[in-house]
Amino acid sequence: MKTDRLEKYARLIVEVGVNVQKGQTVVINSPVECKDFARFLSDAAYKRGAGRVTLRWNDEIVMKQFYTYANDEALEEVPDYIVSECQYFIDKKAATISVSAPTPGLLKDIEPRKIQLYTKATSERLDFYREFLMGNGAQWSIASYPTEAWAEKVFSDGDAFDRLFDAILAASRVLPDNDPVAEWREHMEELAKRNEILNDYNFAYLRFENSLGTDLTVGLAEGHIWAGGGEVAKNGVFFAPNIPTEETFTMPHRNRVNGKVVATKPLNYNGKLIEDFYLIFKDGKVVDFDAGKEKETLKNLLEVDEGSSYIGEVALIPYDSPISNTGILFYNTLFDENASCHLALGCAYPMNLKDSDKMSEEEMEAKGYNKSLVHVDFMFGSADMKITGIKDDGREVLIFENGNFVF
Ligand code: ZN
Ligand code: ZN
């Protein structure tokens, strides 16, 4: 039974997630705890025609030891063999699958300075590889598989592992009696259709209203593009960067956000849970806020830099969707950000702006792009959410009624 589902789930990630091509090199980044899933992924990739599958194991416990005991010199060293390995994957135009299953809060007692030292050194030296992946140099996809440690944070009672696995499968549309590959192709077409409709409208503003007190106007960047679902990599192959994904998202205009937004889910930031909070915006900037819990943490987030008190993403997700319907807080962005309409405090995605690859940062900023070191999603969707699109000429179009798309 479990084997059946694992096989089906792995096939979905290989066929729809990265869409492995004949003879292609495949890289699987996986926590050691997820070895069962990694083996199924590898098997599915070979059966799909992969030339060679390479496993890159990671172990967050050993990583925590590294952060705890290593000196600064070791933290800052990026070995040449890792650089060569990444270059090899670029040369091979490898498809990359990453299994995301971090234990929430595991690193909360580690000195932030140490994490920063390591992250900065690594991201600088491997920037060329990040660019290859994020620039869609070849297909990549992120999916999840439970670990005992993660599952116990989500479910406090027995059978935590199985319950989290069930929830992941349900959210990913892998059901006992369906063909998830066919279902996903249909789902991605639906997302593409929504993107197209919203792109055609080219709204100047969106207005969000619900009975919890959200009354927010979000201006959209000039030349914004709605995206979500599948993308085409530079090698011409269509793929799904996230499984699951439910969002249709775009770039807000940095300085054109006004009103109040009330969050509908706790926000997990730096291992702390901010609850029952709202934000008030004026001309894009958060000018007032409050939280039932962890107000200080919210304040820290808003003060990371200038851009962290402005937003960089607005995403529409129907209230009636598989992830939202599980009603579970996963403490993992892959799921939580796909459960509800969200905004992100901080940096915007250049891909959400027309011709951004030909623009300087200043030119993007003139269109409404927001820059920050952080990008933190928080959820504010609700069962009674109403969203209205407003055109340049003042014409209004209903987008959401009672929490769901009207088209
Ligand atoms: Zn998003
Ligand atoms: Zn986001």
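Residues numbered from 1 in each chain as written. Chains lettered and ligands numbered in written order. Predicted model: local features only at pLDDT ≥ 70, side-chain atom pairs only at ≥ 80, totals over all residues. Heavy atoms only, no water.

Draft legend 1. Local environment of the sheet that holds strand 9 (residues 248-250). Pairing is antiparallel in the open sheet, where 4 strands are placed in the order 9-14-15-16. Both outer strands of the open sheet, strand 9 and strand 16 (375-379), are each paired with one neighbouring strand and no more. Averaged over all pairs of adjacent strands, the angle between strand axes in this sheet comes to 20 degrees, irrespective of strand direction. With 5 bridges connecting them, strand 15 (residues 342-346) and strand 16 associate as antiparallel partners. By the bridge assignment, Gly346 is partnered in strand 16 with His375. (Pairing = 2+ DSSP bridges. Helix = DSSP H or I, 4+ residues; strand = E, 2+ residues; numbered from the N terminus. Axes fitted to C-alpha atoms, helices over the stretch in contact; angles between N-to-C directions.)

Draft legend 2. Spotlight on the pairing of strand 18 (residues 396-401). In this structure, strand 17 (residues 386-390) lies alongside strand 18, joined through 4 bridges in antiparallel fashion. Residue pairing across strands places Ile390 opposite Glu396, the latter belonging to strand 18. In this antiparallel pair of consecutive strands, strand 17 and strand 18, the connection spans 5 residues, and Gly394 shows a positive phi of 90 degrees. In the sheet, strand 18 pairs with strand 19 (residues 404-405) via 2 bridges, with the strands oriented antiparallel.

Draft legend 3. The arrangement of the packing of helix 1 (residues 2-17) against helix 9 (residues 160-171) in detail. Remark: helix 1 packs on helix 9, axes separated minimally by 12 Å, with the N-to-C direction vectors making an angle of 40 degrees. In terms of orientation, helix 1 lies oblique with respect to helix 9. Crossing of helix 1 against helix 9: the hand is left-handed. Residue-level contacts link Lys2, Arg5, Leu6 and Tyr9 of helix 1 to Phe161, Phe165, Asp166, Ile168 and Leu169 of helix 9. Counted by class, the contact of helix 1 with helix 9 contains 6 nonpolar, no polar and 3 charged residues. (Parallel < 35°, antiparallel > 145°, perpendicular 65-115°, else oblique. Left-handed = near helix turned anticlockwise from the far one by under 90°. Contact = heavy atoms within 4.5 Å. Nonpolar A, V, L, I, M, F, W, Y, C, P; charged D, E, K, R; others polar.)

Draft legend 4. Representation of the domain arrangement of the protein chain. Along its sequence, the protein chain is organised into domain 1 (3-171) and domain 2 (202-224 + 244-405). Of note, the centres of domain 1 and domain 2, computed from C-alpha atoms alone, are 27 Å apart. Summed over both sides, the interface between domain 1 and domain 2 buries roughly 1000 Å², with carbon and sulfur atoms accounting for 72% of that surface. By the criterion of area lost to domain 2, the three top residues of domain 1 are Trp150, Val154 and Ala171, representing 38% of everything that side buries. For the pair domain 1 and domain 2, the interface holds 0 salt bridges. If you look at where domain 1 meets domain 2, you find 2 residue pairs in polar contact (both at pLDDT 80 or more). The set of elements that each furnish at least two residues to the side of domain 1 that touches domain 2 consists of strand 4 (140-143), helix 8 (148-154) and helix 9. Examining the composition of the side of domain 1 that touches domain 2, we find that 5 residues originate from one element, helix 9, more than from any other. (Domains from an automatic or database assignment. Buried area = accessible area lost by both parts, 1.4 Å probe. Salt bridge = Lys/Arg side-chain N within 4 Å of Asp/Glu carboxyl O. Polar contact = N/O pair within 3.5 Å; in protein donor to acceptor, adjacent residues only side chain to side chain.)

Draft legend 5. Inspection of the nonpolar core at higher detail. Residues Tyr9, Phe37 and Leu41 are the most contacted members of the largest nonpolar core, which totals 49 residues. Of all the elements in the fold, those that place two or more residues in this core are helix 1, strand 1 (25-31), helix 2 (35-47), strand 3 (95-99), helix 8, helix 9, helix 10 (180-201) and helix 13 (333-336). The dominant element in this core, judged by the number of residues it contributes, is helix 9, at 8 residues. Here this core gathers at least three residues from each of two domains, domain 1 (3-171) and domain 2 (202-224 + 244-405). Leave out the neighbours within four places in its chain, and Phe37 touches Leu6, Tyr9, Ala10, Ile13, Val99, Ser144 and Tyr145. (Core = buried A, V, L, I, M, F, W, Y, C linked by side-chain atoms within 4.5 Å. Buried < 20%, exposed > 50% of the residue type's maximum accessible area, 1.4 Å probe, protein only.)

Draft legend 6. Geometry of the pattern of salt bridges. On inspection of all chains with the given rule, the structure shows 23 salt bridges. Residue Asp43 pairs with Lys47 through a salt bridge whose shortest N-O separation is 2.8 Å. Of the two residues, Asp43 and Lys47 both sit in helix 2, 4 residues apart, roughly one turn of that helix. Among the residues examined, Asp43 registers a relative accessible area of 33% and is labelled partly exposed. A relative accessible area of 66% places Lys47 in the exposed class. We note a salt bridge from Lys358 to Asp355, for which the minimum N-O separation is 3.3 Å. When salt bridges with common partners are traced through the structure, they connect Arg11, Glu15, Arg48 and Asp179 into a single cluster.

Draft legend 7. How the structure looks around the coordination of the zinc ion (ligand 1). Within the protein, Glu247 (OE), Glu313 (OE) and His342 (NE2) serve as the donor atoms for the zinc ion (ligand 1), at 2.0 to 2.2 Å. Donor residues binding the zinc ion (ligand 1) come from one chain and are separated in sequence as E-x65-E-x28-H. In this structure, the zinc ion (ligand 1) lies 3.3 Å away from the zinc ion (ligand 2), the two metals sharing Glu313 as a donor. Taken as a pair, Glu247 in the loop between strand 8 (238-239) and strand 9 and Glu313 in strand 14 (residues 311-316) lie far apart in primary sequence, 66 residues in all. Note on accessibility: Glu247 and Glu313 belong to one class, buried. (Donors = N, O, S within 2.8 Å, 3.2 Å for Na, K, Ca; no water.)

Draft legend 8. How the structure looks around the coordination of the zinc ion (ligand 2). Every protein donor of the zinc ion (ligand 2) is accounted for by Glu313 (OE), His375 (NE2), Asp377 (OD) and Asp377 (OD), and the metal-donor separations fall at 2.0 to 2.6 Å. Coordination at the zinc ion (ligand 2) comes from 4 donor atoms whose angles at the metal span 53 to 139 degrees, giving a geometry best classed as irregular. Binding-site remark: the zinc ion (ligand 2) is held by donors from one chain whose sequence spacing is E-x61-H-x1-D. On the basis of relative accessible area, Glu313 is assigned to the buried category, the value being 0%. Classification of His375 as partly exposed rests on a relative accessible area of 25%. (Tetrahedral: all angles 85-135°; square planar, octahedral: opposite > 155°, others 65-115°.)

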